[in-house]
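# An overview of the molecular structure
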Amino acid sequence: MLSEYHIGLGRKKNCMRELAAFAGARKAQIGADKVFDFSLGNPSIPAPPCVNDAIRELLELDSIEVHGYTTAAGLPSLRKAIADDFNARYGGDIRPERMYVICGAAAGLAICAKALVQPGEEAIAFAPFFTEYRVFVEGAGGVLVSVPPTAELQPDLEAFERALSEKTQMVIINTPNNPSGVVLTAETLTRLSDLLRAAEARYGHPIYLVSDEPYRELVYDGKPIPHPVNFYDDTIIDYSYSKSLSLPGERIGYLAVSSRMANGDEVYAAIAGAARTCGYVNAPSLMQRVVEKCVGQTSDIAEYKINRDLLFNGLTELGFDCVFPDGAFYIFMKTPEPDAVAFSERAKKYELILVPSNDFGVEGYVRLAYCVSADTIRRSMPAFAQLAAEYGLQKK
Ligand SMILES: Cc1ncc(COP(=O)(O)O)c(C=O)c1O
């Protein structure tokens, strides 16, 4: 029998993809330069040169080895290189034997949900959150509990305390955040960890913190990014090279179970088992080798900072209210009318493609992905000015 859940999910329209398709059709109609598409988080900066250099080098080697199956957890030499680099940069203590190389952060989240959440149990996410969290948790039979944000879009920790229950097995954080660009402060991580430890003691079982961090290196102005693994022992890192190396189509990242997690060996086994039930035989072999040669490198993120500043300053000068994003490549903008979907529709009149916030678990915002050219941002400003004028916003 077909699963009603999966049929529903397969038929459900993905708002972002729909908007991107709309933008594509509009570009074909009126010209690509006349449409300002801020819908998708597809990196606009090329991968660093080490990526293509590594691919060329690898293609000269024995193709049976380069393209063959690897161990399920990923090449030991790759895991060691990643762990050494991570520990040097973030002062952590992650170990190759507790790392599992995966097909991107999405796969890592789906694996964690399957490994950690049983049917009827709960996972908590902090709104606004990446839309797929709900899919992965519900796909595992769990219930996603959404915690609202503060005005600064940090997690509301009082609401978090109330949301914790004996059913809570997993808590997902995402710093820097998609869709807001907000970075969790050390203070937030300290308080959040204290609440988690208290809940573990109260309910008598571990509560796992999954730190979803594909934007970890995309932080601007030298802002320090405190790493969750240094705050809470029951942490699992979910990392991806989709954004830092601009390789979203290549599907490569890793999970790392904290070396300080008391039952870490068991959790690691559950992760390996969940990956197996999903049919993840191993992450792409060529890409594992490429990443090993590029560990510690990133695309030239300076371009994203230029875009962030252009767009943030431009929008706020026009009177729009945006939350200042320290990282990632998104701006979350308050909509001047409460209905974000209606606002997004109205923006289309000026060929502005903006994603309404409802699917991210909050209302009254739109997300702008500024992984576009700086020229697109500059040319979009007259359109934003018209939109602002329509709402009677006052220039600052
Ligand atoms: C917050 C967040 N988590 C996970 C993912 C999935 O990334 P990946 O391409 O590594 O699967 C994304 C992708 O945009 C994301 O924004």
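This text follows the structure it describes.
Residues numbered from 1 in each chain as written. Predicted model: local features only at pLDDT ≥ 70, side-chain atom pairs only at ≥ 80, totals over all residues.

### Some details on the overall build of the chain
Each helix and strand in the chain was counted, giving 14 helices and 13 strands. Seen through its C-alpha atoms, the chain measures out along the principal axes to roughly 60 × 55 × 50 Å. Residues counted as buried form 46% of the 396 residues belonging to the chain. Partitioning the contacts of the chain with sequence separation of at least 6, the portion at a separation of at least 24 is 74%. (Helix = DSSP H or I, 4+ residues; strand = E, 2+ residues; numbered from the N terminus. Buried ≥ 20, exposed ≤ 12 C-beta atoms within 10 Å, placed from the backbone. Contact = placed C-beta atoms within 7 Å.)

### A short note on the sheet that holds strand β9 (residues 322-323)
Here 4 strands make up an open sheet; going across it, the order is β9-β10-β13-β12 and the pairing antiparallel. Looking along the sheet, the strands with just one partner apiece sit at the ends: β9 and β12 (355-356). Sheet topology places β12 next to strand β13 (residues 365-369); 2 bridges connect them, and they run antiparallel. Bridge pairing links Val355 to Arg367 in β13. (Pairing = 2+ DSSP bridges.)

### Focus: the pairing of strand β8 (residues 253-257)
Counting buried positions over the 5 residues of β8 gives 5, a clear majority of the element. Here β8 shows two buried faces, one formed by Gly253, Leu255 and Val257 and the other by Tyr254 and Ala256. Where strand β2 (residues 99-102) and β8 come together, 4 bridges link them in antiparallel fashion. Pairing of Val101 across the sheet is with Tyr254, part of β8.

### Structural notes on the nonpolar core
By size, the foremost hydrophobic cluster in this structure holds 121 residues, and its most contacted members are Met99, Ile102, Ala113, Met170, Leu255, Leu368 and Tyr370. Looking at which element gives the most residues to this core, the answer is helix α6 (residues 104-116), with 10 residues. When near neighbours in sequence (up to four residues on either side) are disregarded, Tyr370 contacts Phe38, Asn307, Arg308, Leu311, Phe329, Ile331 and Ile377. (Core = buried A, V, L, I, M, F, W, Y, C linked by C-beta atoms within 7 Å.)

### Description of the sheet that holds strand β7 (residues 235-240)
Two pairing modes exist for strands in a sheet, parallel and antiparallel, and in both the strands are linked by backbone hydrogen bonds. Strand order in the open sheet made by the 7 strands is β2-β8-β7-β6-β5-β3-β4, with mixed pairing throughout. Because the sheet does not close on itself, it has two edges, and the strands there are β2 and β4 (143-147). Adjacent strand axes in the sheet meet at a mean angle of 20 degrees, parallel and antiparallel pairs treated alike. Of the pairings in the sheet, the one linking strand β5 (residues 168-174) to strand β6 (residues 208-212) comprises 5 bridges and is parallel in character. (Axes fitted to C-alpha atoms, helices over the stretch in contact; angles between N-to-C directions.)

### With respect to the site of the ligand
Around the ligand sit 13 residues in total, of which Gly104, Ala105, Ala106, Asn178 and Ser240 are the nearest. Residues of the shell around the ligand, tallied by class, amount to 5 nonpolar, 7 polar and 1 charged. (Near = placed C-beta within 6 Å. Nonpolar A, V, L, I, M, F, W, Y, C, P; charged D, E, K, R; others polar.)

### Some words on helix α5 (residues 76-90)
Helical geometry note: an α-helix holds 3.6 residues per turn, so side chains three or four residues apart project in the same direction. With 15 residues, α5 should cover 21 Å at 1.5 Å per step; its first-to-last C-alpha distance of 21 Å lies within 8% of that length. The set of residues buried in α5 consists of Leu78, Arg79, Ile82, Ala83 and Phe86. Buried residues of α5, seen end-on, are gathered within an arc of 130 degrees and therefore sit on one face of the element. Of the exposed residues in α5, those oriented more than 90 degrees away from the buried face are Ser77 and Ala88. On its buried face, α5 sits against β2, β8 and α11 (285-294). Immediately downstream of α5, the backbone of Gly91 shows phi near 65 degrees, a positive value. (Expected span 1.5 Å × (residues − 1). Arc of directions from axis to C-beta.)

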